[in-house]
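# Structural overview
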Protein chains: 2
Amino acid sequence: MEADEPVHLPGLSRVAVCGGTHGNELSGVYLVREMLKLKRKATEMTQEKDEEGMSVLMVLSNPRAIQQCRRYIDADLNRCFTHATLNDSTSDAAPYEMIRSQELNSMLGPKGTKEAVDLICDLHNTTANMGLCFIGYSDSDWICLHIFQHLKRQMPDIPMRFIHFDVSSKESYSLDSVGKHGFAMEIGPQPHGVVRSNTYTAMKVGVQHVLDWVRFFNSGTVFEGGFVDVFTMVKNIDYPRDSSTHNITAAIHPHLQDRDFCLLHPQDPLFQTFSGETLRYKGSEPLYPFFINECAYYEKGIALSLARKKRVMIPAIRVQTNDDKQASEQGFVSEEEE
Amino acid sequence: MEADEPVHLPGLSRVAVCGGTHGNELSGVYLVREMLKLKRKATEMTQEKDEEGMSVLMVLSNPRAIQQCRRYIDADLNRCFTHATLNDSTSDAAPYEMIRSQELNSMLGPKGTKEAVDLICDLHNTTANMGLCFIGYSDSDWICLHIFQHLKRQMPDIPMRFIHFDVSSKESYSLDSVGKHGFAMEIGPQPHGVVRSNTYTAMKVGVQHVLDWVRFFNSGTVFEGGFVDVFTMVKNIDYPRDSSTHNITAAIHPHLQDRDFCLLHPQDPLFQTFSGETLRYKGSEPLYPFFINECAYYEKGIALSLARKKRVMIPAIRVQTNDDKQASEQGFVSEEEE
């Protein structure tokens, strides 16, 4: 294959857009409801049908948590999609989210199989000042990285980053890992349990561009290669805590609050204790902080996460044609060849 | 009494500072914990003792809700302090907050009696962009209005307003109504379940100034009269809702979001529906919006509240002396004479 020849990748005929995986992250809840309403109006048919040979499935992932406007009922649903949990046997006494994760795996997966949907876009909010982020498990999934590049071009006013959690497919735990491709679309800051118009609109426009990109791709558009900045998660930092009560004893320092993705240097202020003392970053390497002061992570022991930034080259891509498929079947072209 | 002669009011010997009346409003939770810790260190004695004949009682109002980082367990504690609820008979099956409100009434009240503490400052957070607000049930409680004026002077960088809910003492429902004087100190914006350093610090400094003012007052300082802007609540506006599901169908309009206390005129944008339509304010009177997009009020059917602003004259005040008390007992001077 020549250097400039686009990589040919299989078409994406089944796409899922999921909201309410966390029931109190409201942009996705209201966006999926709105999309379902429009779809019902437009087609008066089932959810699965769509134009141009592409089906878009809209899913409210955790209906019980949505109904109670809570993150989850018994356990964090978005940690239930490991191979181990999906293959565990459940009874009626199992945590609700464990049962629900297996239902979603049946609907959108099974994870790791040919039957899985081609792409999952799972909608989230954060209280951190993160703008719009894609979060995925791979820094070489050309589909996700090209969609990200497309949104960056189409929405130049929204700060946008690609976060990479370097976790194996087997260990990957979130709903988007059930699809052949998938990412979480995370937008903040927005308090959980609140819907802000600007955040809702950014998500709505973002999802429209995702679906547009898939239609362009399926219809044969060639997407040029280029470079993408990828933030790979390195480690989490917990709050300082009282050794006996385990209560936190400090908040994020005011100099760090809201400064997600601004490089944190050794000795920069990290926390301010409730008595007023400044605690500093003791690491030796400058890293990029994100998920700074995310509400739901207090209980997980995460005050912020830190990432290393790298530049990834992505090749030009286009959809596989019938000729490719025949060639591939005869062993001439490998799908993932670079 | 001459025009310039200060009104003489009884000293304030017992003050309560309460946090965690809503268990997920974290500034007050961490501030009261910190004050309790300092007090234990300083005195190694009980909570009630304080310098200069003034006792400061620090209270975590809803320990179970704090422990679960939720607003409440069974019912909103801060609606449980009406005469009716406080005098209702309870069993072990009663809602937790109903039992707890009666405990707090025993500790800080009983409401409406001579035994009640002199002043309650109850600490709250809101997701609305309200700065620091005092919320009280009277526009003629000179103690609360003077404390408010003092904080305004001492903290000129913090936007500060006095909100008046025109509700009778019998119907008043919040914890601060248990004291002889009382107000909620409400600071936002801050997501519930999150503690932000800047908000925590503003509350800490605010509470210090409240306690300083009480010490000054008790020691005989004369506080000059003046004018205070008071925002009296007129009405609430709910979100547009789907008639069958009762789900909201619109969010606060982006032009209104975060513009608490900016005058809302007839025909100004109020909501943006999830399909993108603008809905306008249909009232005929310009009013001041507040509690715009407060998280906890979705379930109460309140998208925002509206207030009328008026200017209230407050007289100069000073503490009653022993001579006053004797004169008062002999019928020469009325406490509340203006």
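Overview of the structure. Within each chain, residues carry numbers counting from 1 in the order of the written sequence. The lettering of chains begins at A and the numbering of ligands begins at 1, in the order of writing. Only residues with pLDDT of at least 70 are given local features in this predicted model, and only at 80 or more are side-chain atom pairs given and counted; all residues enter the totals for whole chains, interfaces and linings. Only hydrogens and water are removed before side-chain values are computed, so all heavy atoms of the structure are retained for them.

### Regarding the overall build of chain A
Secondary structure elements follow DSSP: runs of H or I of four or more residues count as helices, runs of E of two or more count as strands, with numbering from the N terminus. Helix and strand counts for chain A come out as seven helices and 14 strands. Its C-alpha atoms give chain A a radius of gyration of 21 Å, near enough to 20 Å, the size a compact globule of 338 residues would have. Its C-alpha atoms give chain A principal-axis dimensions of about 70 × 50 × 40 Å. Here chain A holds 338 residues, and the buried ones make up 55% of them. Across chain A, contacts joining residues at least 24 apart in sequence account for 74% of those joining residues at least 6 apart. Note on areas: Shrake-Rupley with a 1.4 Å probe; residue coverage comes only from the protein chains shown. When the accessible surface of chain A is summed, it comes to about 14700 Å², and 49% of that surface belongs to carbon and sulfur atoms. Radius of gyration here uses only the C-alpha atoms, and the compact-globule reference equals 2.2 Å multiplied by the residue count raised to the power 0.38. Three labels apply to residues, based on accessible area from a 1.4 Å probe with only protein chains included: buried if under 20% of the type maximum, exposed if over 50%, partly exposed otherwise in between. The contact criterion used is simple: two residues touch if any of their non-hydrogen atoms lie within 4.5 Å.

### Focus: the sheet that holds strand β10 (residues 269–273) of chain A
All names here are of chain A. Only strands joined by at least two bridges in the DSSP assignment are considered to pair. Taken in spatial order, the three strands of this open sheet run β9-β10-β11, and their pairing is antiparallel. Strand pairing shows two members of the sheet lacking a second neighbour, β9 (250–252) and β11 (278–280), which therefore form its edges. In this sheet, adjacent strand axes meet at a mean angle of 35° when their direction is disregarded. Of the pairings in the sheet, the one linking β9 to β10 comprises three bridges and is antiparallel in character. From the neighbouring strand, Ile252 faces β10, where its bridge partner is Phe271. Lines fitted to the C-alpha atoms define the axes, with helices restricted to the stretch that makes contact. Angles between their N-to-C directions range from 0 to 180 degrees.

### Concerning the packing of aromatic side chains
Residue and element names in this part refer to chain A. Aromatic rings from Phe, Tyr and Trp, with only the six-membered ring used for Trp, were paired whenever their centres fell within 6.5 Å, and each pair was classed as stacked if the ring planes differed by under 30 degrees, edge-to-face if by over 60, and tilted otherwise. Taken as a whole and judged by the stated rule, the model has 34 aromatic pairs over all chains. Measuring from ring centre to ring centre gives 4.0 Å for Phe134 and Phe183, while their planes differ by 10°; the resulting arrangement is stacked. One end of the pair, Phe134, is in strand β5 (residues 131–136); the other, Phe183, is in strand β7 (residues 181–188), with 49 residues separating them in the sequence. In this structure, Phe134 and Phe183 share a single accessibility class: buried. The aromatic ring of Tyr96 is capped on one face by Arg64, whose charged end is 4.1 Å from the ring centroid. Placement of a charge over a ring requires the Lys NZ or Arg CZ to be within 6 Å of the ring centre, with the centre-to-atom vector within 35 degrees of the ring normal.

### A word on the pattern of salt bridges
The salt bridge criterion pairs a side-chain nitrogen of Lys or Arg with a carboxyl oxygen of Asp or Glu, the two atoms within 4 Å. The tally for this structure, following the rule as stated, stands at 24 salt bridges over all chains. A salt bridge links B:Asp212 to B:Arg215; its shortest N-O distance comes to 3.4 Å. With a gap of three residues between them, B:Asp212 and B:Arg215 both fall in helix α6 (residues 197–218), about one helical turn apart. We note a salt bridge from B:Arg308 to B:Glu285, for which the minimum N-O separation is 2.8 Å. Placement of the pair is B:Arg308 in strand β13 (residues 304–314) and B:Glu285 in the loop between β11 (278–280) and β12 (288–290), with a sequence separation of 23 residues. Judged by relative accessible area, which is 42%, B:Arg308 ranks as partly exposed. Connected via shared salt-bridge partners are A:Glu25, A:Arg71, A:Asp76 and A:Lys300.

### As for the side chain of A:His150
Among the structural elements, A:His150 can be located in helix α5 (residues 142–154). Beyond its immediate stretch of four places on either side in the chain, A:His150 contacts A:His209, A:Trp213 and A:Phe216.

### Observations concerning the environment of B:Gln154
Residue position: B:Gln154 is located in helix α5 (residues 142–154). A C-alpha to C-alpha distance of 8.8 Å links B:Gln154 and B:Gly206, two positions 52 residues apart in sequence.

### Notes on the environment of B:Phe261
Residues and elements named next belong to chain B. Examined against the element boundaries, Phe261 turns out to sit in the loop between β9 (250–252) and β10 (269–273). Given a relative accessible area of 8%, Phe261 falls into the buried group. Taking C-alpha positions, Phe261 is 9.2 Å from Asn129, a pair spaced 132 residues apart along the chain. With near-sequence residues (within four places) excluded, Phe261 lies in contact with Met130, Cys133, Arg161, Ile163, Phe231, Tyr288, Pro289 and Phe290.

### Details of the packing of α5(A) against helix α6 (residues 197–218) of chain A
All names here are of chain A. The geometry of α5 relative to α6 is characterised by a closest axis approach of 9 Å and an angle of 125° between their N-to-C directions. The angle between α5 and α6 places the two elements in the oblique class. The hand of the α5/α6 crossing is right-handed. For the pair α5 and α6, the contacting residues are Ile143, His146, Ile147, His150, Leu151 and Gln154 in the first and Gly206, His209, Val210, Trp213, Phe216 and Phe217 in the second. Convention used here: angles under 35 degrees read as roughly parallel, angles over 145 as roughly antiparallel, angles from 65 to 115 as roughly perpendicular, and any remaining angle as oblique. Note on convention: near helix rotated counterclockwise from far helix by under a right angle means a left-handed crossing. Clockwise means right-handed.

### As for the sheet that holds strand β7 (residues 181–188) of chain B
Residue and element names in this part refer to chain B. Across the sheet, which stays open at both edges, the nine strands sit in the order β3-β2-β4-β7-β5-β6-β8-β13-β12 with mixed pairing between neighbours. Looking at which strands have only one partner, the edges of the open sheet turn out to be β3 (55–60) and β12. Taken pair by pair, the neighbouring strands of this sheet meet at an average axis angle of 30°, ignoring direction. Examined bridge by bridge, strand β2 (residues 14–19) and strand β4 (residues 119–125) share four bridges and lie parallel to one another. Each residue of the ladder has a partner; that of Val17, found in β4, is Cys121. Contacts from helix α4 (residues 96–108) reach β2, β3 and β4, with the element oriented near 175° to β3.

### Re the pairing of β3(B)
Residues and elements named next belong to chain B. By the criterion of burial, β3 is predominantly enclosed, with five of the six residues buried. With six bridges joining them, β2 and β3 adopt parallel strand pairing. Each residue of the ladder has a partner; that of Cys18, found in β3, is Val59.

### Details of the relation of the copies chain A and chain B
Residues below a pLDDT of 70 in either copy are left out; the C-alpha atoms of the rest, at least 70 in both, set the least-squares superposition of the copies. By a simple turn and slide, chain A fits onto chain B: the slide is 0.0 Å along the axis, the RMSD is 0.0 Å, and the turn is 180°. The operation mapping one copy onto its partner corresponds to a two-fold rotation axis. Taking C-alpha positions as the reference, the residue of chain A nearest the rotation axis is A:Pro191, at 2.4 Å. Most of the interface of chain A is mirrored in chain B, where 100% of its interface residues again form contacts.

### Some points on the environment of A:His192
With respect to the helices and strands, the residue A:His192 is situated in the loop between β7 and α6. For A:His192 and A:Cys295, which are 103 residues apart along the polypeptide, the C-alpha to C-alpha distance reads 7.9 Å. Not counting chain neighbours up to four residues away, the residues in contact with A:His192 comprise A:Asn24, A:Glu25, A:Asn125, A:Thr126, A:Thr127, A:Glu294, A:Cys295, A:Ala296 and B:Cys295. We call two N or O atoms a polar contact when they sit within 3.5 Å, provided that within protein one can donate a hydrogen and the other can accept it, with sequence-adjacent residues counted only if both atoms are side-chain atoms. At 2.8 Å, the side chain of A:His192 forms a polar contact with the side chain of A:Glu294.

### Brief notes about the interface of chain A and chain B
Contact residues are listed per partner, giving 29 residues for chain A and 29 residues for chain B. Summed over both partners, the accessible area lost on bringing two parts together, with a 1.4 Å probe, is the buried area. In total, chain A and chain B occlude about 2400 Å² of area from one another, counting both sides; carbon and sulfur atoms represent 53% of this. Along the contact surface separating chain A from chain B lie two salt bridges. A salt bridge links B:Arg196 to A:Asp258, with the shortest nitrogen-to-oxygen separation between them at 2.6 Å. Examining the composition of the side of chain A that touches chain B, we find that four residues originate from one element, α6(A), more than from any other. Only Asp, Glu, Lys and Arg are considered charged in this grouping, and only Ala, Val, Leu, Ile, Met, Phe, Trp, Tyr, Cys and Pro are considered nonpolar; every other residue, Gly among them, is considered polar. For the side of chain A that touches chain B, the residue count by class is 12 nonpolar, 12 polar and five charged.

### Things to note about the side chain of B:Ser172
Its location among the elements puts B:Ser172 in the loop between β6 (160–164) and β7. When near neighbours in sequence (up to four residues on either side) are disregarded, B:Ser172 contacts B:Phe81, B:Thr82, B:Lys111, B:Tyr137, B:Val167 and B:Ser177.

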